[in-house]
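Each chain, letter by letter, is given below.
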Amino acid sequence: YVATLPNRVATSPIHYDAQTIAEVQYPPAMSEIREMQDACRSWHEKLREKAPEALGDAFFDYEAFANAVGVVHSRTYGVAGDDASGEQSATVGYFRALLPLADMLNHGGDVVVGRERDQVTGAPTNLQIRATDNIAWSVLGDDGVIHFAATRDLVDGEEALMSYGERSNDHFLIYYGFTPENNPHDDVVLFSNFEHAMVWHSVAHPELWEGDDGAVREKAANAAYDSVTKALEADGSPDAKLAAAEPRMKILSAGRVDARLLSAYASMFAGTEASGATDGPIQGDELKFAQADIAARCEQLLAGMPTTLADDVSALQTCTDDAQRVRLQYRISKKSILAETIDMFSLSK
């Protein structure tokens, strides 16, 4: 089995130099790539120092070790063991496993097949998503076996596809070395946390932060953030729980915005206290102005990228290098999300 594995995943960011990392153009992913590379080098140094026999002659050199890490990143499965109660747990006994044959299954993720917009607000009202995978895998059984089975009848010659998870393109790029197209789960980080979002807003709208009225507005924004966070925690859906636990404020395709951010910004314009009383100068258009702020932030992030969306689309059409194509497709996805949000929420549209 080991002899069938590739020696190197050429598209893996484990191999990126500083110039190639810069080509990613998206700061959160660039930082994560550097952190991943630093961790890889740190572990290699520790192994060379404390357990050289674990490396052997084949992987004593860092480049060979990095090649192996890239292969393992792109092919392993995360398997959860049993906790004390016998229930499957992602935190107890979790390990990564190389599974022969199963690691040849390509990703079949969700794709957007249709969308509608509200005629008044322009917000997405019916995002239609279709799953393209046709293979599912079981939990680890007591016999140490994981089962893979078709979820429907496959026609002769049809490729067997398994979903690698509902993840952003950051994860696929950094750990698998590819970028899915039309991924409804891809996202863009607008702010590193709520404090960052509020500081940005205070710079964009200093007039709303001045004096006693500013203190009331800030109180309202914090109350709105806390209220929506609690609602997400109680929602029960995986997406809602993830948003509630995630400090970063994100947007997704089709104008899907972190509800905590939208609510907080709308409260800043409304000037509402936690009690719900309103005394702000803007009435009725709070949501529209909050959306416009999010569009302005998207414009700011796009302006900070060295190339435009049109540049990347054009470059992709003539690109023949696989690794560069992956980066171009990655950038196109991020910039498309930003551009679509601008198109939907800008006051000047």
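What counts, and at which threshold
- Residues numbered from 1 in each chain as written.
- Predicted model: local features only at pLDDT ≥ 70, side-chain atom pairs only at ≥ 80, totals over all residues.
- Heavy atoms only, no water.
- Pairing = 2+ DSSP bridges.
- Helix = DSSP H or I, 4+ residues; strand = E, 2+ residues; numbered from the N terminus.
- Patch = residues over 30% accessible without salt bridge, like charges linked within 9 Å, V, L, I, M, F, W, Y side chains within 5 Å.
- Areas by Shrake-Rupley, 256 points an atom, 1.4 Å probe, with all protein chains shown as cover.
- Salt bridge = Lys/Arg side-chain N within 4 Å of Asp/Glu carboxyl O.
- 1 Å grid on protein atoms, 1.4 Å probe; cavity = no way out; pocket = protein on both sides within 12 Å on 5 of 7 lines; lining within 4 Å.
- Points joined across faces, edges and corners; volume = space filled by probe spheres on them.
- Nonpolar A, V, L, I, M, F, W, Y, C, P; charged D, E, K, R; others polar.
- pLDDT = per-residue confidence, 0-100.
- Contact = heavy atoms within 4.5 Å.
- Phe/Tyr/Trp six-rings, centres within 6.5 Å; stacked < 30°, edge-to-face > 60°.
- Buried < 20%, exposed > 50% of the residue type's maximum accessible area, 1.4 Å probe, protein only.
- Lys NZ or Arg CZ within 6 Å of the ring centre and 35° of its normal.

**Some details on the sheet that holds strand β10 (residues 249-252)**
The strands that make up a sheet pair up through hydrogen bonds in the backbone, lying either parallel or antiparallel.
Reasoning step 1: Strand order in the open sheet formed by three strands is β9-β10-β11, with antiparallel pairing between adjacent strands. For this open sheet the edge positions go to β9 (187-191) and β11 (256-257), each flanked by a neighbour on one side alone.
Reasoning step 2: Pairing between β10 and β11: two bridges, direction antiparallel. Counted as the bridge partner of Ile251 is Val257 from β11.

**A word on a nonpolar patch on the surface**
Reasoning step 1: On the surface, a nonpolar cluster with roughly 340 Å² of combined accessible area is contributed by Tyr1, Val2, Val72 and Leu98.
Reasoning step 2: Secondary-structure assignment places Val2 in the segment before α1 (18-22).

**Quick look at the layout of surface pockets**
Reasoning step 1: What the largest pocket holds in volume is close to 1,100 Å³.
Reasoning step 2: Around the largest pocket sit 42 residues that line it, and His185, Asp187, Leu242, Lys250 and Leu252 are the ones nearest its centre.
Reasoning step 3: Mapped by element, the contributors of at least two residues to the lining of the largest pocket are α2 (27-50), α5 (169-176), β9, α8 (238-245), β10, β11, α9 (259-270) and α10 (286-303).
Reasoning step 4: Taken together, the residues of the lining of the largest pocket break down into 21 nonpolar, eight polar and 13 charged.
Reasoning step 5: In this structure, the second largest pocket encloses a volume near 790 Å³.
Reasoning step 6: As for the second largest pocket, its lining consists of 28 residues, of which His73, Ser74, Thr76, Tyr164 and Tyr176 are closest to the centre.
Reasoning step 7: Contributing elements (two or more residues each) for the lining of the second largest pocket: α4 (62-75), β1 (77-79), β3 (106-107) and α5.
Reasoning step 8: Ranked by residues supplied to the lining of the second largest pocket, first place goes to α4 with four residues.

**Remarks on the environment of Ala150**
Reasoning step 1: Of note, Ala150 is situated in strand β7 (residues 148-150).
Reasoning step 2: Each C-alpha atom, one on Ala150 and one on Ala160, is 8.0 Å from the other, the two residues being ten residues apart in sequence.

**So, the confidence of the model for the chain**
Reasoning step 1: Per-residue confidence for the chain gives a mean pLDDT of 89; residues scoring 70 or more make up 89%.
Reasoning step 2: Considering only residues more than four positions removed or in separate chains, one finds that residues 272-283, a stretch of pLDDT under 50, has 23 contacts.

**Quick word on the packing of aromatic side chains**
Reasoning step 1: Inspection of the entire model under this criterion finds 14 aromatic pairs.
Reasoning step 2: For the ring pair Tyr164 and Tyr176, a centre distance of 4.9 Å and an interplane angle of 35 degrees mean the geometry is tilted. With Tyr164 in the loop between β8 (161-162) and α5 and Tyr176 in helix α5, the pair connects residues that are twelve residues apart, well separated along the chain. For the residue pair Tyr164 and Tyr176, the accessibility class agrees, reading buried in each case.
Reasoning step 3: Measuring from ring centre to ring centre gives 6.1 Å for Phe172 and Tyr176, while their planes differ by 40 degrees; the resulting arrangement is tilted. Taken together, the positions of Phe172 and Tyr176, both in helix α5 and four residues apart, correspond to about one turn of that helix. Across the pair, exposure class does not vary: Phe172 and Tyr176 are buried alike.
Reasoning step 4: An aromatic cluster of three or more residues is present, and its members are Tyr164, Phe172, Tyr176 and Phe178.
Reasoning step 5: The ring of Trp43 has Lys46 sitting right over it, with the charged end atom 5.0 Å from the ring centre.

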